[in-house]
Amino acid sequence: MSPGATGAPGLHSVMKNMNACERVRELLNATVELLLRIERAPHTPFGPRDPKERRVMRRLAEGLDKGEIQPLFGNLYTGKQLARLFRDTITRDEIREETRDEFFRLAHEIGRCIHEDPAGTRQVFDEFWLETLLASKAGGPGSEGECRWRQLQKLVDFVKSCRFEKRRGRRSKARPERPVNDGVRRIPLVPAVVLPFVPPGVPIIPFPAISETAEDERVLFKIGIGPSSWIGSFEPGTKDVNSVFIMPDGEHLFVSALGAGYRIHLESRTLVERLGNDVVGIHRDPRMTLFLIEHGGGSLEAFGVASRLWKTGPLGAGGLRNIGLCDDPILEVVGEALQSSGEWTKFSINVVSGEVRVA
């Protein structure tokens, strides 16, 4: 059969897709290494300096080393110390400049590979994510695996900041109809897909174990990849959010099945608790130490690394928006809540105590 004939894909097409998958793994590794280089650049108390200011800093450092110049505030730094800080600042800014263009070049190459083979490269992303997570857990805090896992999270946050658009103040009031022929819908951040039907002969874990919901109305998730993957059948909620996340303790999964929240023990795959029926959003800090569940009634529920932290009552009369973290003067969750008057009111929540303040 010729490469262009109907039937099995041609050799050129197969090789092209294989090359795209192999290339995207190389590019992901290169991107993580690049981010590590940026993170390991020297830290100094001085802000970024342009090339002209760096040239001045270099001359000042030489003068300080030779004793020709003395620090203005000698009680803060010796001449040698200040010279070292100047040179560290120069090195840091030069690393940032060198890596900026390379970062966007790698991102462009990754995009080209995805265009060549969307399905294959998605699988590579899933495998790379899981491998990095397992290496992080095996190595523990401070290990090379943990450092790479942290950079991968930064990369995901960057992609989300470029592509994510949030509809403010508008939430679905009823559970939408499930698409009949929508194929496989990808779930971000954890290797997982929503399945359109139960595969024959494959064991299914139901959540909850006993339910009056018909099987064809439940949400099917395939979680994980390869031999360790499993399929869960979830009673749906009343919103349009399907998602699977690893929680900050690393021991539990959070699953939202059309708004129905489930906290599941990762190793035993058992249900720990139901977390409402109206999940409309998830928020996490960059270091993955705080996990916020946004409920449709306008309340927030928080989990930390060790356990549940708190759950608020309704913060307004409708949706929430502009949710984020602020650490000045204390660590707080901040945002705005829609009131019955139609106005948005600012609020803050003490992360430790759960105390709510409304502006």
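Calculation notes
- Residues numbered from 1 in each chain as written.
- Predicted model: local features only at pLDDT ≥ 70, side-chain atom pairs only at ≥ 80, totals over all residues.
- Heavy atoms only, no water.
- Helix = DSSP H or I, 4+ residues; strand = E, 2+ residues; numbered from the N terminus.
- Core = buried A, V, L, I, M, F, W, Y, C linked by side-chain atoms within 4.5 Å.
- Buried < 20%, exposed > 50% of the residue type's maximum accessible area, 1.4 Å probe, protein only.
- Pairing = 2+ DSSP bridges.
- Axes fitted to C-alpha atoms, helices over the stretch in contact; angles between N-to-C directions.
- Expected span 1.5 Å × (residues − 1).
- Parallel < 35°, antiparallel > 145°, perpendicular 65-115°, else oblique.
- Contact = heavy atoms within 4.5 Å.
- Nonpolar A, V, L, I, M, F, W, Y, C, P; charged D, E, K, R; others polar.
- Patch = residues over 30% accessible without salt bridge, like charges linked within 9 Å, V, L, I, M, F, W, Y side chains within 5 Å.
- Areas by Shrake-Rupley, 256 points an atom, 1.4 Å probe, with all protein chains shown as cover.
- Salt bridge = Lys/Arg side-chain N within 4 Å of Asp/Glu carboxyl O.
- Left-handed = near helix turned anticlockwise from the far one by under 90°.
- Bend = angle between axes of the 7 residues up to and from the residue.
- Phe/Tyr/Trp six-rings, centres within 6.5 Å; stacked < 30°, edge-to-face > 60°.

Engineer: What is the right way to read unusual backbone geometry from this model?
Structural biologist: Residues other than glycine predominantly adopt negative phi, and peptide bonds predominantly adopt the trans conformation. Phe207 connects to Pro208 through a cis peptide bond whose omega is -10°. Here Pro208 lies in the loop between strand 3 (205-207) and strand 4 (219-223). Positive phi outside glycine occurs at Leu258, with the angle close to 50°. Summarising the element assignment, Leu258 is placed in the loop between strand 7 (252-257) and strand 8 (260-265).

Engineer: Help me understand the nonpolar core in this model?
Structural biologist: Inside soluble globular proteins, nonpolar side chains tend to come together where they are buried. Counting residues in hydrophobic clusters, the biggest one holds 39 residues, and the most contacted among them are Phe221, Phe234, Val255 and Tyr262. A per-element tally of this core places helix 1 (residues 11-39) first, with nine residues. Listed in part, the 13 residues of the second largest apolar core include Leu290, Leu292, Leu300 and Ala302.

Engineer: How should I be thinking about the sheet that holds strand 9 (residues 270-274) in this particular structure?
Structural biologist: Whenever strands of a sheet pair, they do so through backbone hydrogen bonds, lying parallel or antiparallel. Across the sheet, four strands lie side by side as 6-7-8-9; this open sheet has antiparallel pairing. The open sheet has two free edges, formed respectively by strand 6 (243-246) and strand 9, since each of these has just one partner strand. Between one strand and the next, the sheet's axes are offset by a mean angle of 25°, whatever the strand orientation.

Engineer: Honestly, the environment of Arg122 in this entry has me stumped. Any pointers?
Structural biologist: Counting through the fold element by element, Arg122 comes out in helix 4 (residues 118-139). The class of Arg122 is partly exposed, set by a relative accessible area of 37%.

Engineer: What exactly am I supposed to notice about helix 4 here?
Structural biologist: Structurally, the α-helix is built with 3.6 residues per turn, so residues lying three or four positions apart point the same way. With 22 residues, helix 4 should reach 32 Å at 1.5 Å per residue; the first-to-last C-alpha distance of 32 Å fits that figure. Where helix 4 is concerned, the buried positions are Gly120, Thr121, Val124, Asp126, Phe128, Trp129, Thr132, Leu133 and Ser136. Of the residues trailing helix 4, Gly140 is marked for its positive phi of about 85°.

Engineer: Hey, could you run me through the packing of helix 3 (residues 79-116) against helix 4 in this one?
Structural biologist: In a pair of packed helices, the angle between the axes and the distance between the axes together describe the arrangement. Relative to each other, helix 3 and helix 4 sit at 125°, their axes nearing to 5 Å. Here helix 3 lies oblique to helix 4, going by the angle between them. Contacts between helix 3 and helix 4 involve Ile110, Cys113, Ile114, His115 and Glu116 on the former and, on the latter, Pro118, Thr121 and Phe125. Looking at the contact of helix 3 with helix 4, its residues break down into five nonpolar, two polar and one charged.

Engineer: Help me understand the pairing of strand 4 in this model?
Structural biologist: Residues in a regular strand point their side chains to alternate faces of the sheet. Here strand 4 lies mainly inside the structure; four of its five residues are buried. Summarising the sheet, strand 2 (residues 192-195) and strand 4 pair through four bridges and their orientation is antiparallel. Residue pairing in the sheet places Val193 in a bridge with Lys222 of strand 4. Of the pairings in the sheet, the one linking strand 4 to strand 5 (residues 230-234) comprises five bridges and is antiparallel in character.

Engineer: Can you walk me through a nonpolar patch on the surface in this structure?
Structural biologist: There is a patch of nonpolar side chains on the surface, built from Val56, Leu60 and Ile69 and spanning about 190 Å² of accessible area. The topology assignment puts Ile69 in the loop between helix 2 (51-66) and helix 3.

Engineer: In this structure, what is going on with the pattern of salt bridges? I would like to understand it.
Structural biologist: All told, the structure shown has 23 salt bridges when counted by the stated rule. The residue Arg87 makes a salt bridge to Asp65 at a minimum N-O spacing of 2.6 Å. Placement of Arg87 in helix 3 and of Asp65 in helix 2 is noted, with a sequence separation of 22 residues between them. We classify Asp65 as partly exposed; its relative accessible area is 28%. When the shortest N-O distance is used, the salt bridge between Arg105 and Glu102 registers 2.8 Å. Here Arg105 pairs with Glu102, and both are found in helix 3, just three residues apart, close to one helical turn. Through salt bridges with shared partners, one network takes in Arg263, Glu273, Glu301 and Arg308.

Engineer: Please clarify how the packing of helix 2 against helix 3 should be interpreted in this entry.
Structural biologist: Where helix 2 meets helix 3, the axes come as close as 8 Å, and the angle between the chain directions of the two elements is 150°. It follows from the interaxial angle that helix 2 and helix 3 lie roughly antiparallel. Handedness of the helix 2/helix 3 crossing: left-handed. On the side of helix 2, the interface is formed by Pro51, Arg54, Met57, Arg58, Leu60, Ala61, Glu62, Leu64 and Asp65, while helix 3 contributes Gly79, Lys80, Leu82, Ala83, Phe86, Arg87, Thr89, Ile90, Asp93, Glu94 and Glu97. Classifying every residue of the contact of helix 2 with helix 3 gives nine nonpolar, two polar and nine charged.

Engineer: How should I be thinking about helix 3 in this particular structure?
Structural biologist: With 38 residues, helix 3 should cover 56 Å at 1.5 Å per step; its first-to-last C-alpha distance of 56 Å lies within 8% of that length. At Thr99, helix 3 shows its strongest bend, of approximately 25°.

Engineer: In this structure, what is going on with the packing of aromatic side chains? I would like to understand it.
Structural biologist: Two aromatic rings, taken as a pair, are described by how far apart their centres are and by the angle between their planes. Per the counting criterion, the structure on display carries seven aromatic pairs. Measuring from centroid to centroid gives 5.5 Å for Phe103 and Phe104, while their planes differ by 85°, and the two rings are edge-to-face. Both rings, one in Phe245 and one in Phe291, keep their centres 6.1 Å apart while their planes meet at 70°; by these two values the pair is edge-to-face. Taken together, the residues span a long stretch of sequence, with Phe245 in strand 6 and Phe291 in strand 11 (residues 291-295) at a distance of 46 residues. The burial state of Phe245 is the same as that of Phe291; both residues are buried. Members of the aromatic cluster, joined through ring pairs, are Phe207, Phe221, Trp230, Phe234 and Tyr262.

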